[in-house]
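If you want the building blocks of each chain, they are given just below.
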Amino acid sequence: MKKQHLIALDLDGTLLTDAKTISPQTKAMVLTAIENGHIVAIATGRPHRASIDFYHELGLDTPMVNFNGALIHHPRDERWDALHSPLSIRIARKIIHTCQEIGVKNILAEVMDDVYLDRHDEEIMEIFHTTDDNPVTIGGLKQNLTEDPTSLLIHPKEGQIQTLREELDVHASLIEHRKWGAPWHVIEIVRAGMNKAVGLEKIAHYYHIPKERIIAFGDEDNDFEMIDFAGVGVAMGNAIDELKDLANYVADTNENNGIAEFLAEYLQLERKAI
């Protein structure tokens, strides 16, 4: 267990507590892993702007996977071979039209960190971390969106999720669509073939880490491919049952420092007093 491992961390429901913070115990153990020569990377469905604070909190200097693999980049090294794989705007407009026909609450499109919102909604703007540094273009999404979007995020009304996902299946060969976990019942859409495993494989290749020394933690259906790809796939105790069935291990929950407990035991790391 003393060989260098690549540790991939999902954010929501995994690295983060339900209060959206990194617990002191988990932070200390992740830093201990880094001190012991292991490589830690974030792999999230979130955009760059909504994950970079956690990246800096851990003092990372590694590539990061955003938008479930649609953006793979190195926040500290612009020379790194980044990969941005957006949806085609033609398909995006068809999906936006379908969503408007169904009558969903709202639709948000992201082109990297530029945000386009179909209708003004303070709750959505807070959820998606829009700030003065990342202004939002509001209204007329079909007209305002003029570039291939990195992702589309659909906020359906209660009871619309199944209907919406069935409609999206019409575009199954061109898109991937995932449902976010509670409390945000959001459908996220990215280009077909994009998932966290794509990013994890690219990062592992960069560091010359073999599959058997990749540890990946997750909790939701957007973690399936990553957990399956990793030699050591770990589902959190609060993960969906399907992910637990797929994983090699099930850790404790995000509220009970599941990452810290697993890393301490699996990598034989010293526990430091907090």
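Only a predicted model underlies this, so the values are computations on that prediction, with no experimental measurement involved.

What follows deals with the sheet that holds strand S7 (residues 114–117). Spatially, six strands are ordered S8-S7-S6-S9-S11-S10 in an open sheet, and the strand pairing comes out mixed. On the outer flanks of this sheet lie strand S8 (136–138) and strand S10 (175–179), each paired with one strand and no other. Each adjacent strand pair in this sheet contributes to an overall mean axis angle of 20 degrees, direction not counted. When S10 meets strand S11 (residues 187–191), the two strands line up antiparallel, connected through five bridges. Pairing of lysine 179 across the sheet is with isoleucine 187, part of S11. Where helix H4 (residues 89–102) meets the sheet, its contacts fall on strand S6 (106–111), strand S9 (151–155), S10 and S11, and the angle it forms with S9 comes to roughly 5 degrees.

This part covers helix H2 (residues 24–35). Side chains that are three or four residues apart share a direction in an α-helix, a result of its 3.6 residues per turn. Taking 1.5 Å of rise per residue, the twelve residues of H2 would be expected to cover 16 Å, and the 16 Å separating its terminal C-alpha atoms lies within 8% of that figure. For H2, the secondary structure elements touched by its buried residues are strand S1 (6–9), helix H1 (11–15), strand S2 (39–42) and helix H11 (258–266).

Within the secondary structure layout, threonine 17 lies in the loop between H1 and H2. Look past the residues within four positions of threonine 17 in its chain and what remains in contact with it is Ser23, Asn254 and Glu255.

Another point: unusual backbone geometry. At asparagine 68, a residue that is not glycine, the phi angle is positive and equals roughly 55 degrees. Its place among the elements puts asparagine 68 in the loop between strand S3 (64–66) and strand S4 (71–73). Asparagine 68 sits in the buried class, given a relative accessible area of 4%. One non-glycine residue, histidine 208, adopts positive backbone phi at about 60 degrees. For histidine 208, the location among the structural elements is in the loop between helix H8 (196–207) and strand S12 (214–218).

Quick look at the packing of aromatic side chains now. Enumeration over the complete set of coordinates arrives at six aromatic pairs. Ring geometry for tryptophan 80 and tyrosine 206: centres 5.6 Å apart, planes at 85 degrees, overall edge-to-face. Here tryptophan 80 is found in the loop between S4 and strand S5 (83–84), whereas its partner tyrosine 206 is found in helix H8, with 126 residues between them in sequence. Residue classification places tyrosine 206 among the partly exposed positions, given a relative accessible area of 40%. An aromatic cluster is present here, built from Phe217, Tyr249, Phe262 and Tyr266 joined pairwise through their rings. Over the ring of tryptophan 80 we find lysine 202, and its NZ or CZ is 5.0 Å from the ring centre.

Taking burial as the measure, the six residues of S6 include six buried ones, the bulk of the element. Side chains of S6 alternate between two faces, with Asn106, Leu108 and Glu110 and Ile107, Ala109 and Val111 buried alike. In this structure, S6 lies alongside S9, joined through five bridges in antiparallel fashion. Across the sheet, the residue bridging to asparagine 106 is histidine 155, located in S9. Here four bridges tie S6 to S7, and the two strands are oriented antiparallel to one another. If you follow leucine 108 over to S7, its bridge partner there is leucine 117. Linking S6 back to S7 in an antiparallel pair, the connection comprises two residues, with methionine 112 at a positive phi of about 55 degrees.

Strands sit in the order S3-S4-S5 across an open sheet of three strands; the sheet is antiparallel. This sheet does not close on itself; its edge strands, each paired only once, are S3 and S5. Examined bridge by bridge, S3 and S4 share three bridges and lie antiparallel to one another. Paired with methionine 64 across the two strands is histidine 73, which belongs to S4. Strand contacts of H8: S3, S4 and S5, with the helix running at about 165 degrees to S3, the strand carrying the most contacts.

Attention now moves to the nonpolar core. Counting 31 residues, the largest nonpolar core has Ile7, Ile215, Phe217 and Leu263 as its most contacted members. Sorting the residues of this core by element identifies S1, H1, H2, S2, helix H3 (52–57), S12, strand S13 (232–235) and H11 as the ones contributing at least two each. The leading source of residues in this core is H11, at six residues. With residues up to four places along the chain from it excluded, the contact list for leucine 263 reads Ile7, Met29, Ile215, Phe217, Gln268 and Leu269.

Scoring rules and cut-offs
- Residue numbers here run from 1 along each chain, matching the order of that chain's written sequence.
- At least 70 in pLDDT is required for a residue's local features to be given in this predicted model, at least 80 for side-chain atom pairs to be given and counted, and no such filter applies to totals for whole chains, interfaces and linings, which use all residues.
- Where side-chain values are given, they derive from all heavy atoms of the structure, hydrogens and water being excluded.
- For two strands to be treated as a pair, DSSP must find no fewer than two bridges joining them.
- Working definition: helices are DSSP H or I runs of at least four residues, strands are E runs of at least two. Numbering for both runs from the N terminus.
- For helices, the fitted axis covers only the stretch in contact; all axes are lines through C-alpha atoms, and the angles between them, taken along N-to-C directions, range from 0 to 180 degrees.
- Only heavy atoms matter for contacts: two residues are in contact if any of them lie within 4.5 Å across the pair.
- A helix is expected to reach a length of 1.5 Å times the quantity of its residues less one.
- For every residue, the accessible area obtained with a 1.4 Å probe (protein chains only) is divided by the maximum for its type, and the residue is called buried under 20%, exposed over 50%, and partly exposed between those limits.
- Stacked, tilted and edge-to-face are the three classes assigned to paired rings of Phe, Tyr and Trp, where Trp is represented by its six-membered ring and a pair needs centres within 6.5 Å; plane angles under 30 degrees give stacked, over 60 edge-to-face, the rest tilted.
- Lysine and arginine charges are scored as sitting over a ring when NZ or CZ, respectively, is within 6 Å of the ring centre and within 35 degrees of the ring normal.
- In this description, a nonpolar core means a group of buried Ala, Val, Leu, Ile, Met, Phe, Trp, Tyr and Cys residues linked to one another through side-chain atoms lying within 4.5 Å.

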